[in-house]
Amino acid sequence: MNVGIIAHNSKKTLIEDFCIAYKGILSKHDIYATGTTGRRIEDVTNLHVHKFLPEEIGGDKQFTEMIERNAMDMVIFFYNPNMIDPNDPDMETIVTACDINSIPVATNIATAELLVMGLSRGDLDWRLSMKSSDEV
């Protein structure tokens, strides 16, 4: 499964801690992230992360394009609803793209934990058949 991970600047440490905690599950899947987030995840977990450009130079757009192609199976996006930073990825655009393509998305740690545990149990395997029917 392709798991997209993205985080606003103020949530980078939280996403690192999350990935450390769930490294065993994440290691069995392909992880995609914007440049800075991906590098930080790799540094703390030793997981291989497919990295897009940093957010501020188009990585969030590359991330969104992968969602729009229905190539992500799950997205974890930790954002800060109390702080607007023009350099942070656009939460609304990414979540809307996930909704349009029926891609499960978590925007907080509680939901992210539920999704990652479901990923471990095979609860998201329906995405594989959905992608197969899109290719027909």
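Residues numbered from 1 in each chain as written. Predicted model: local features only at pLDDT ≥ 70, side-chain atom pairs only at ≥ 80, totals over all residues. Heavy atoms only, no water.

Colleague: Could you give an account of the packing of aromatic side chains, naming the residues involved and the relevant values?
Modeller: Across all of its chains, the model carries five aromatic pairs by this definition. Centre to centre, the rings of F18 and Y22 are 4.9 Å apart; their planes meet at 45°, and the pair counts as tilted. The exposure class of F18 is buried, given its relative accessible area of 2%. For Y22, a relative accessible area of 16% translates into the label buried. Feature note: the residues F18, Y22 and F78 constitute an aromatic cluster, connected by ring pairs. (Phe/Tyr/Trp six-rings, centres within 6.5 Å; stacked < 30°, edge-to-face > 60°. Buried < 20%, exposed > 50% of the residue type's maximum accessible area, 1.4 Å probe, protein only.)

Colleague: So, the nonpolar core: which residues are in play, and what are the values?
Modeller: If you look at the biggest cluster of nonpolar residues, it comprises 24 residues, and the most contacted ones within it are I5, F18, L26, M74 and I76. Of all the secondary structure elements, the ones that give two or more residues to this core are β1 (2-7), α1 (12-21), α2 (23-26), β2 (30-33), β4 (74-78) and α6 (109-121). Beyond its immediate chain neighbours, meaning those up to four positions away, I5 contacts I15, C19, I31, Y32, A33, T34, T37, I41, F63 and I76. Counting 14 residues, the second-largest nonpolar core is a separate cluster that includes F63, M66, A71 and V75. (Core = buried A, V, L, I, M, F, W, Y, C linked by side-chain atoms within 4.5 Å. Helix = DSSP H or I, 4+ residues; strand = E, 2+ residues; numbered from the N terminus. Contact = heavy atoms within 4.5 Å.)

Colleague: Tell me about the pattern of salt bridges, residues and numbers included.
Modeller: All chains considered together, the criterion is met by five salt bridges. A salt bridge links R39 to D43; its shortest N-O distance comes to 3.7 Å. Of the two residues, R39 and D43 are both situated in helix α3 (residues 35-45); the distance of four residues between them amounts to about one turn of the helix. (Salt bridge = Lys/Arg side-chain N within 4 Å of Asp/Glu carboxyl O.)

Colleague: Describe the sheet that holds strand β3 (residues 49-51), and please don't skip the residues or the numbers.
Modeller: The strand order β3-β2-β1-β4-β5 describes an open sheet built from five strands, whose pairing is parallel. Only two strands of the sheet have a single neighbouring strand rather than two, namely β3 and β5 (105-106). By the bridge criterion, three bridges tie β2 to β3 in an arrangement that is parallel. When the sheet's bridge partners are listed, A33 is paired in β3 with K51. Set on the sheet, α1 makes contact with β1 and β4; between it and β4 the angle comes to about 140°. (Pairing = 2+ DSSP bridges. Axes fitted to C-alpha atoms, helices over the stretch in contact; angles between N-to-C directions.)

Colleague: Give a description of the pairing of β1 that names residues and reports values.
Modeller: Counting buried residues in β1 gives six out of six residues, a clear majority hidden from the surface. In the sheet, β1 pairs with β4 via five bridges, with the strands oriented parallel. The residue bridging I5 from the neighbouring strand is I76, located in β4.

Fair warning: the whole summary comes from geometry, so function is off the table for now.
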